[in-house]
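# Report on the structure
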Amino acid sequence: MRFRHPDGSTVHLAYCTNVHPAETLEGVLAQLRDHCEPVRIRLGWERLGIGLWLARDAVLSLVRDPGALRLLRAELRRRRLEVVTLNGFPYEGFGAEKVKFRVYKPDWAEPQRLKYTVDLARLLTTLLPDDVREGSISTLPLAWRTSYSHRSAAAARRALSSLVDYLDAMERSTGRSIRVGLEPEPGCIVETTADAIALLSDFDPFRIGVCVDTCHLATSFEDPATALGELDTANIPVVKAQLSTALHVQEPHIPEARRALAAFDEPRFLHQTRVRTEAGLRGTDDVGEALGLGGLPVTAPWRAHFRLPLHAVSAGPLTSTMPVLKDCLAHLVGGPAARTHHLEVETYTWQALPPSLRPLDRAGLIEGISAELALAHDLLTDLGLKELP
């Protein structure tokens, strides 16, 4: 869906398809048929933006076979779906029963990551709607923090420099501009806004910036106004923003709260957990570690990297970080000028929710995604943006 910002620019709203497991082109086409188009119809929208996730095998099929790429583009058009942004963070296996640390591989020190991202950029120049000249790709924040050496850092910087060169050449040949945003995430080399600024200050801001994920921002207890102000000062663009919420535990010392949080300790995804202390931010790599013996201090609220549906109603001792999302969105697009033009709802944890909260079937998932997008739509219109036909 598109919106007109008061500054006259167009802001795109999409939902990310990494919630639907698919490794092949056939699986992607099935997603469009079975989920994306039904969500659009459920909402009654003329067109629906999707933040497409293409796993490595699907990318290879599209790169090697121009006919396959034409087919995908035709299917998008036929089902009234549009793509202006790709999620290039997961490489493969995001629908596996256990993802955890695998999602950070290959990292930016490994050549596969650069090739994958360049291939995505090449595909996006073709998938963009005819009247859109700029696309975006979100990617992992260099690497998970362990086993990352000075040699890895040097290799990653070379890869990002090469990426800039590829993107420049691609625009010259296609007339379309693709920008890449590193997505700061707890536990990664680029974990916070400050980390992103330290890394990206030496790179061309027209090509590489950040993807602000409001779940990650909240988990790290970052203040949106401060973070975005620091990015502006450093001249680092917000290439895209992902709208999502984290789990907030106001009183982690209460047994009821700990039992409720334990229900979110599941085997598929990593759920980094953080707490602010007088000595600074402390954290664990997963919810179970935070709850375990010698885990996090219980004298202050916790936040966990577990994405809740945007429209989820808080109940009991756990709440969401929706206030952080709203605050961030207001600073991104609520002012006189839009600070980003690509917004993506990214709740990939529907099937990882505690059983009582999961959708029972495909229809339930379609209804849930539709409710998230409807809420995002209302948040944008409340900020003064106008829905475009």
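Before going into details, it helps to say that this report is about the structure given with it. Note that this is a predicted model, so its numbers are computed, not measured. (Residues numbered from 1 in each chain as written. Predicted model: local features only at pLDDT ≥ 70, side-chain atom pairs only at ≥ 80, totals over all residues. Heavy atoms only, no water.)

### What about the overall build of the protein?
What the protein contains, in helices and strands, is 12 helices and 15 strands. Over its C-alpha trace the protein gives a radius of gyration of 20 Å, about what one expects of a compact globule, namely 21 Å for 389 residues. C-alpha atoms of the protein, sized along the principal axes, occupy 60 × 50 × 45 Å. Taken across its 389 residues, the protein has 58% of its residues classed as buried. Of the contacts formed within the protein by residues at least 6 apart in sequence, a portion of 80% connects residues at least 24 apart. Split by element, the accessible area of the protein, about 15,600 Å² in all, is 53% carbon and sulfur. Distance between charge centroids for the protein: 4 Å, based on 44 positive and 49 negative side chains. (Helix = DSSP H or I, 4+ residues; strand = E, 2+ residues; numbered from the N terminus. Rg over C-alpha atoms; globule rule 2.2 N^0.38 Å. Buried < 20%, exposed > 50% of the residue type's maximum accessible area, 1.4 Å probe, protein only. Contact = heavy atoms within 4.5 Å. Areas by Shrake-Rupley, 256 points an atom, 1.4 Å probe, with all protein chains shown as cover. Lys, Arg positive; Asp, Glu negative; His and termini not counted. Charge placed at Lys NZ, Arg CZ, Asp CG, Glu CD.)

### Things to note about unusual backbone geometry
In this structure, the amide linkage connecting lysine 105 to the following residue, proline 106, adopts the cis form with an omega of -10°. The backbone phi angle of arginine 80 is positive, close to 60°, even though this residue is not glycine. If you trace the backbone, arginine 80 turns up in the loop between α3 (66-78) and β4 (81-87). Residue classification places arginine 80 among the partly exposed positions, given a relative accessible area of 42%. In this model, phenylalanine 221 sits at a positive phi of 55°, which is unusual for a non-glycine residue.

### Examining the side chain of histidine 216
Position of histidine 216 relative to the elements: it lies in helix α7 (residues 214-219). Among residues more than four places away in sequence, those in contact with histidine 216 are Glu183, Pro184, Glu185, Pro186, His305 and Arg307.

### A closer look at helix α11 (residues 322-333)
Here α11 is 12 residues long and its end C-alpha atoms lie 16 Å apart, about the 16 Å a rise of 1.5 Å per residue gives. Listing the buried residues of α11 in full gives Met322, Val324, Leu325, Cys328, Leu329, Leu332 and Val333. For α11, the angular spread of the buried residues around the axis is 150°, confining them to a single face. (Expected span 1.5 Å × (residues − 1). Arc of directions from axis to C-beta.)

### So, the pairing of strand β7 (residues 208-213)
A large share of β7 lies buried, amounting to 6 of its 6 residues. In the sheet, β7 pairs with strand β8 (residues 238-243) via 4 bridges, with the strands oriented parallel. When the bridges of β8 are listed, valine 212 appears paired with alanine 241. (Pairing = 2+ DSSP bridges.)

### Digging into the sheet that holds strand β11 (residues 280-284)
Strand order across the open sheet formed by 5 strands is β11-β10-β12-β9-β13, with antiparallel pairing between neighbours. Edge positions in the sheet fall to β11 and β13 (318-320), since each of these pairs with one other strand and no more. Between one strand axis and the next, the sheet turns through 30° on average, direction left out of account. (Axes fitted to C-alpha atoms, helices over the stretch in contact; angles between N-to-C directions.)

### So, the environment of aspartate 119
With respect to the helices and strands, aspartate 119 occurs in helix α4 (residues 111-127). Sequence-wise, aspartate 119 and leucine 62 are 57 residues apart; in three dimensions their C-alpha atoms are separated by 9.2 Å. What aspartate 119 contacts, discounting residues up to four positions off in sequence, is Val59 and Val63.

### Brief notes about the packing of aromatic side chains
Counted under the stated rule, the structure contains 9 aromatic pairs. For the pair phenylalanine 269 and tyrosine 348, a centre-to-centre distance of 4.9 Å together with 65° between the ring planes defines the contact as edge-to-face. In this pair, phenylalanine 269 sits in the loop between α9 (255-262) and β10 (273-277) while tyrosine 348 sits in the loop between β14 (342-345) and α12 (362-382), placing the two residues 79 residues apart along the sequence. Each member of the pair phenylalanine 269 and tyrosine 348 is classed as buried. One aromatic cluster is present, formed by Trp53, Phe94, Phe269 and Tyr348 through successive ring pairs. (Phe/Tyr/Trp six-rings, centres within 6.5 Å; stacked < 30°, edge-to-face > 60°.)

### Considerations on the pattern of salt bridges
Scanning the entire structure with this criterion turns up 28 salt bridges. A salt bridge links aspartate 34 to arginine 33; the nearest nitrogen and oxygen atoms lie 2.7 Å apart. Here aspartate 34 falls in the buried class, since its relative accessible area comes to 18%. As a salt-bridge pair, arginine 274 and glutamate 191 come within 3.3 Å of each other at their nearest N and O atoms. On the criterion of sequence distance, the pair formed by arginine 274 in strand β10 and glutamate 191 in the loop between β6 (177-182) and α6 (193-200) is long-range, its members being 83 residues apart. (Salt bridge = Lys/Arg side-chain N within 4 Å of Asp/Glu carboxyl O.)

### Concerning the side chain of threonine 17
As for its position among the elements, threonine 17 is in the loop between β2 (10-16) and α1 (25-43). There is a polar contact of 2.9 Å between the side chain of threonine 17 and the backbone nitrogen of tryptophan 53. (Polar contact = N/O pair within 3.5 Å; in protein donor to acceptor, adjacent residues only side chain to side chain.)

### Let's talk about the state of the cysteines
Tallied over the entire structure, the rule returns 0 disulfides. The thiol sulfur of cysteine 215 is not disulfide-bonded, and the nearest other cysteine sulfur, from cysteine 211, lies at 12 Å. (Disulfide = S-S within 2.5 Å.)

### Comments concerning the pairing of strand β3 (residues 48-52)
A regular strand carries its side chains on alternate faces of the sheet. Of all 5 residues making up β3, 5 are buried, and the element is well covered by its neighbours. Here β3 shows no split at all, with Leu48, Ile50 and Leu52 on one side and Gly49 and Gly51 on the other all buried. Direction of pairing for β2 relative to β3: parallel, over a ladder of 3 bridges. The residue bridging tyrosine 15 from the neighbouring strand is isoleucine 50, located in β3. The sheet contact formed by β3 and β4 spans 4 bridges and is parallel. Paired with leucine 48 across the two strands is leucine 81, which belongs to β4.

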